[in-house]
Amino acid sequence: MTTDMLSIEGVSKNFGGLSVISEVSFSVPEGGRVALIGPNGAGKTTMFNLVSGVYRQTAGAIRLRGHDISNVPSRKRVRLGMARSFQNIRLMPHLSVIENVMLGQQARTKSLADMAMPLSGSRWRREAETLLGEMGLDTYPGEVVATLPYGIRKKIEVVRALAAQPQLLLLDEPAAGLNQTETASLRDFLMGISRRGVTLLVVEHDMGLVRSLCDHAVVLNFGRKIYEGSTQTVHEDPLVLEAYLGPRHNVAQGAVTNNGVAGDAA
Amino acid sequence: MSGYWAGILSILAINIVFAYGIFLPVATGQLNLGGAGFQALGAYAAAYASASFGLPVYVTIPLAALLAGAIGALIAFPILRTRGVYLVLATFAFAEVVAGSILNSETLGGAMGLSVPAFIDWQIPVAVAVLVSLFVFYLMSTRFGLTMRAAHDDEVVTDLMGVNIRKTQVTAFGLGAALAGLAGGLYAHTFSFVEIQGFNAVVSIYVLLYVLLGGTQTAWGPIVGATFFTMLPEVLRETLPTVKQTLATLVGITEPVAPPDESWRLVILGVLTVLMMAFRPEGLITRTMMERLQFRRSPSRAAAEVSA
Ligand SMILES: Nc1ncnc2c1ncn2[C@@H]1O[C@H](COP(=O)(O)OP(=O)(O)O)[C@@H](O)[C@H]1O
Ligand SMILES: [Mg+2]
């Protein structure tokens, strides 16, 4: 039996009186590629914030490889082997591309010497350059991030998360704003990451990407889990259809295409 | 070297060290408006150690840095819990507490001040300023420097990357306080006299201006800012009478005019400050600017740009 990389057990989150996540349970197997989907406002990003420790859940437990991490401070969770990207790009605007990636390596520092050594010419810097190269981003290492195009910054977010060499990678809408070619190359890149054994949990609206990258999907709606199962049959599920298209639509109307469960989901 | 230039050089060196003391917390995202308080701590520590115990400058000046640094690190824990304008007020209040305590201390001379027996010429402040500049350049090139700048940009994400934000901020604040104290120690021995009126709120504001207008993104900023603001009054002192005479001639007054009032220098300084804030809000020296300069220098990068 394999242990689960991540298990969410009866997790709820309230903001004041507002319930944003209600008793959600699901798990991500080691080495798995799971999609977390649902309409806007469903609570997907909030779930990422709970897992990474930005917020603490109101109820329930979050386990990483079986260990309850609920009381582990956010800055220590990345050292346990998880890294994430952000839906609304959260790169450091005044740092250069390579510096943002080197910041992502922070979780792997061990001693004071790691903090006190100049970075230029270091193995940290060479490694960050290599990683950027693998993503096809090596033309920009010295440039300050703030001025770069959206699509490039979106990719740097993924590279920064990977720089932590995580076992669990949480990606919040990594393909948003990318064109079809870029999305395809992102998928190939993530497949490569997955083959190296990294577990993926991906929030994504592009159902083409979801189906070609992930085998398993969890669907949230208004903070509740409404579906868990194969990504190939998710678009046939009546509850999922209702969540995306409203109660009057159903499967017979054939509103679901191969390219997306719902066009308005982005 | 003439006494005038030796004096200017000493003040410039002290101001650069002082500016680095404020730069470190500001580069980490913490505005420090209590600079004069930390400088006063250092100046009085050195003055007292020199006057009462006859300790040599190579003891009193490091002592100034240590004392201010230790107090800075101690108060950083409560003070850095505050944010934004409240942090500015808290650091400002700290400087007032220091000034008030010294003013009411008979041991430290109260309003009369203390005279400092050991005098240092310009060479020591300049050597210290060079060493401190090299130290800050080194610090900003390390991973610690990277985490400082990251904390400045986004605390939440920097924390998620595995950085201990509080440790980073307290360290930067404490190191900064030590440098401000070091500047104070140099000050005490350069002017052979300390009085608390010399460490007032305007001093705190000016040193913060050096840093903000010089630029907080690179270690070049404080040097440029401190140099600009230290030299400008001197340049104006030289040129303003000539400018006024020329203007007078233009409007047809031929006889010599009286040199302009001192306050004109402050007016010009103020106007320049506002203009710089309006046109270079991120400071004179920015990362992008340094990056461009580097692009021009490195032929391989330039080639890469052409082929891209
Ligand atoms: N810090 C917060 N305070 C209050 N409400 C929040 C907060 N964060 C998220 N929410 C609310 O939680 C709901 C889910 O948001 P989110 O997790 O961002 O959805 P998704 O990522 O699925 O689009 C939304 O209604 C949002 O307004
Ligand atoms: Mg979201």
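These numbers come from a predicted model, not from an experiment.

## Focus on the side chain of Ser 52 of chain A
For Ser 52 of chain A, the position within the fold is in helix H1 (residues 44-52). Residue Ser 52 of chain A is classed as buried on the basis of its relative accessible area of 5%. There is a polar contact of 3.1 Å between the side chain of Ser 52 of chain A and the side chain of Arg 84 of chain A. When near neighbours in sequence (up to four residues on either side) are disregarded, Ser 52 of chain A contacts Ser 74, Arg 77, Met 82 and Arg 84 of chain A together with Leu 160 of chain B.

## Digging into the coordination of the magnesium ion (ligand 2)
Residue and element names in this part refer to chain A. Those protein atoms acting as donors to the magnesium ion (ligand 2) are Thr 45 (OG1) and Gln 87 (OE1), and they sit at 2.1 Å. With a gap of 42 residues between them, Thr 45 in helix H1 and Gln 87 in the loop between strand E6 (82-84) and helix H3 (97-104) connect regions that are remote in the sequence. The class for Gln 87 is partly exposed, based on a relative accessible area of 29%.

## Considering the interface of chain B and chain A
Each partner contributes to the interface: chain B provides 27 residues, whereas chain A provides 33 residues. A buried area of about 2700 Å², summed over both sides, lies between chain B and chain A, and 60% of it is on carbon and sulfur atoms. If you sort the residues of chain B by the area they bury against chain A, Arg 143, Leu 160 and Met 161 of chain B come out on top, with a joint share of 30%. Here chain B is connected to chain A by three salt bridges. When the shortest N-O distance is used, the salt bridge between Arg 90 of chain A and Asp 154 of chain B registers 2.7 Å. Here the side of chain B that touches chain A gets eight residues from one element, more than from any other, and that element is helix H6 (residues 143-153) of chain B.

## Focus: the UniProt feature "transmembrane region" (unreviewed entry) in chain B
Residue and element names in this part refer to chain B. Sequence positions flagged by UniProt for "transmembrane region" (unreviewed entry) are, in local numbering, residues 6-24, 57-77, 84-102, 122-140, 170-190 and 196-213. Its end C-alpha atoms 27 Å apart, residues 122-140 is made of 95% helix and 0% strand. With 100% helix and 0% strand, residues 170-190 has end C-alpha atoms that lie 30 Å from one another.

Calculation rules
Residues numbered from 1 in each chain as written. Chains lettered and ligands numbered in written order. Predicted model: local features only at pLDDT ≥ 70, side-chain atom pairs only at ≥ 80, totals over all residues. Heavy atoms only, no water. Helix = DSSP H or I, 4+ residues; strand = E, 2+ residues; numbered from the N terminus. Buried < 20%, exposed > 50% of the residue type's maximum accessible area, 1.4 Å probe, protein only. Polar contact = N/O pair within 3.5 Å; in protein donor to acceptor, adjacent residues only side chain to side chain. Contact = heavy atoms within 4.5 Å. Donors = N, O, S within 2.8 Å, 3.2 Å for Na, K, Ca; no water. Buried area = accessible area lost by both parts, 1.4 Å probe. Salt bridge = Lys/Arg side-chain N within 4 Å of Asp/Glu carboxyl O. UniProt positions renumbered as here; feature names shortened; annotations may be inferred.

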